[in-house]
Amino acid sequence: MHDLIPFLKMYKDHWKGLFFGIFLSFLTLASAISLLTLSGWFIAASAVAGVLAISNFNFMLPAAGVRGFSIARTAGRWFERVVSHNSTFKLLADLRIFFFEKLTPLIPGKIANLRDADILNRLVADVDAMDHLYLRLISPLFVAFIGIFGISGFLYWIEPLLGLTLGAVLLFLSVGFPVLFYHLGRPHGEEITQEKTHLRITLLDWLQGQAELQIFGASGRFRAKTEEAEKKLLKAQRKMACISAFSVAMLLTLNGMTLILMLWLAADTLTQGPPNPLIALVAFATIASFELIMPISGAFQFLSQTRTSATRLNEILEAKPETAFDSKGHPGPAKGNIQIKNVRFAYPGMQKMALHDVSLSLQKGEKMALLGRTGCGKSTLLQLITRAWDPCAGSIHLDGIPLHQWRESALRQAITVVSQRVDIFNDALRNNLRLAKPTATDEELIEILEKVNLSHLLEKSGLDVWLGDAGRPLSGGERRRIGIARALLHDAPLLLLDEPTEGLDMKTEQEILALLFEHAKEKTVLFITHRLVGLNKMDRVCVMDEGEIIEQGTHETLKNAGGQYAQFFQRI
Ligand code: ATP
Ligand code: MG
């Protein structure tokens, strides 16, 4: 049960609303039981009064009671729903924010092995399952135990034996049923949560990869996988539904048997003279009392589902990020000097080192190109500078201060990155650009778009044009230029460019490079490229191979040195 404790702790902030919800839920159920009990007694008592010709029978008070209880039941149900749903929605909102705050620092390291659909499932379905804890478990349990004592106490007041018997039966069932149904529901509850995730992952895979799957004629096979996952989920749900039906059937049977027992005892203890309408009261109270324990077996049957969701959430909540930032660290602003000393790095779980003993230093305003064969570790080095990861050995300093002593906000303000993969968000073009500079005006954005040759995107709806899924499709080169436009907007002293002109034609490439270097006149630049264009404008060139820096110098010296760099040029 310790899986659920972190979530129960979150209830603290909303305890007033949650307790009020339980109180209203108790009032509603008490009114429902009282209504049935009182009406049963009232009908029987009226009949007896008629038969025995009792003239002073008070019809008014019980009739008013019946009306009062029915109004209280309806109004109570409404208020209880409003209050408990209000509190649980607030609780879920807090939980989602809390989960999201824990999730973001884990990117990219700790959640690299989770699929997007899985993360989404945790954020939506697993968080939602946490309200079951209150609505299905805590609230019904509280109400049931108070209700059992209330109704048994009332019957005890009429006749001790009846009160004790009903109390014992109800208590036995409310302890025995949860144990039984928790064990019956457990394997299927876990299976339902797992299969739901599996179905979402396969379905999303199938939908997202449609274009590729159609081309390779593999759509049918992927669809079969989705259907297989759906079948498994339906099977687990069917088993769960059978257990629910079994629990209801068992409770109804036991209700009938308890009723017979209570009638038998009541007939013995309550009928010493004329027919006693209290027997009807006892009978109806027995029937109604089972309403108290109906929700409990269901709650325990689905408890394993809630627990599996809690375990999945805890995997994220308890994970330690690869890189922790110090909120009281250096606040900046940075000048843009970078020193990398003897850095070694291997991705978690990988034997092979991605970087061996890399040392580099860039002074403020210096421009350096980084070249090397694919997979030699260039992008990895950029990721270490942005602190997506920390090096296994060695150190990286920005302005003489170790990177881990910088505040996250200061580091983000100090570095602009054009990464190899530019993400386009499902949003207007304006917001896709403004994420780099929230204060940018429309005029500024239009000017930047003209500079990167993207003004044609403004043709139809201007900056409101929708990008991303179902929006205006972009070519590979256009996406890159959006990335460059963001870099131009984000005015940081250190500019890290990871193949910014890949996918652009020669002319556009030269224009974009000229633009970037004009923008970065005063800035420190680390420029990763496979294209041998514009390298003579760089202060230094660095060649990497197999995670090591093998050559370093100016364009001219390296070109004449006859090493790897010179070979790159000979190949063209
Ligand atoms: P390219 O020119 O193709 O972009 P690169 O020099 O940028 O290549 P990196 O992306 O730095 O290469 O990758 C260096 C090595 O680390 C490669 O062998 C790659 O397979 C591996 N690698 C990259 N990212 C990860 C990761 N998240 N987990 C494990 N290994 C990784
Ligand atoms: Mg790369």
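Residues numbered from 1 in each chain as written. Chains lettered and ligands numbered in written order. Predicted model: local features only at pLDDT ≥ 70, side-chain atom pairs only at ≥ 80, totals over all residues. Heavy atoms only, no water.

This brings us to the coordination of the magnesium ion (ligand 2). Coordination sphere of the magnesium ion (ligand 2), protein contribution only: Ser379 (OG) and Gln420 (OE1), at 1.9 to 2.4 Å. With serine 379 in helix 10 (residues 378-385) and glutamine 420 in the loop between strand 6 (415-418) and helix 12 (429-434), this residue pair connects regions lying 41 residues apart in the sequence. On the basis of relative accessibility, which here comes to 22%, the residue serine 379 falls in the partly exposed class. (Donors = N, O, S within 2.8 Å, 3.2 Å for Na, K, Ca; no water. Helix = DSSP H or I, 4+ residues; strand = E, 2+ residues; numbered from the N terminus. Buried < 20%, exposed > 50% of the residue type's maximum accessible area, 1.4 Å probe, protein only.)

By the definition in use, this model includes 13 aromatic pairs. Each ring, one from phenylalanine 19 and one from phenylalanine 142, has its centre 5.8 Å from the other, and the planes form 90 degrees; the classification is edge-to-face. Of this pair, phenylalanine 19 sits in helix 2 (residues 15-51) while phenylalanine 142 sits in helix 4 (residues 116-158), and the two are 123 residues apart along the sequence. Classification of phenylalanine 142 by relative accessible area gives partly exposed; the value is 37%. For the pair tyrosine 347 and tryptophan 389, a centre-to-centre distance of 5.4 Å together with 85 degrees between the ring planes defines the contact as edge-to-face. One end of the pair, tyrosine 347, is in the loop between strand 1 (338-345) and strand 2 (355-362); the other, tryptophan 389, is in the loop between helix 10 and strand 4 (393-398), and 42 residues separate them in sequence. Above the plane of the ring of phenylalanine 302 lies arginine 136, whose end atom (NZ or CZ) is 4.7 Å from the centre. Looking at arginine 387, its charged tip hangs above the ring of phenylalanine 325, at a distance of 4.7 Å from the centre. (Phe/Tyr/Trp six-rings, centres within 6.5 Å; stacked < 30°, edge-to-face > 60°. Lys NZ or Arg CZ within 6 Å of the ring centre and 35° of its normal.)

Quick look at the packing of helix 3 (residues 60-103) against helix 9 (residues 303-317) now. Their axes nearest at 9 Å, the elements helix 3 and helix 9 cross at an angle of 45 degrees. Looking at the two axes, helix 3 sits oblique to helix 9. Within the contact between the two elements, helix 3 uses Phe98, Phe99, Lys102 and Leu103 and helix 9 uses Leu313, Ile316 and Leu317. Here the contact of helix 3 with helix 9 is built from residues that sort into 6 nonpolar, no polar and 1 charged. (Axes fitted to C-alpha atoms, helices over the stretch in contact; angles between N-to-C directions. Parallel < 35°, antiparallel > 145°, perpendicular 65-115°, else oblique. Contact = heavy atoms within 4.5 Å. Nonpolar A, V, L, I, M, F, W, Y, C, P; charged D, E, K, R; others polar.)

This part is about the domain arrangement of the chain. Domains assigned within the chain are domain 1 (2-317) and domain 2 (338-570). Centre-to-centre, using C-alpha coordinates, domain 1 lies 55 Å away from domain 2. (Domains from an automatic or database assignment.)

Each full turn of the α-helix corresponds to 3.6 residues, which orients residues three or four apart in the same direction. In terms of residue burial, helix 10 counts as a mostly covered element, since 6 of its 8 residues are buried. Those residues of helix 10 that fall on the buried side of the exposure criterion are Lys378, Thr380, Leu381, Leu382, Leu384 and Ile385. Positive backbone phi, approximately 60 degrees, marks arginine 387, located one or two places after helix 10.

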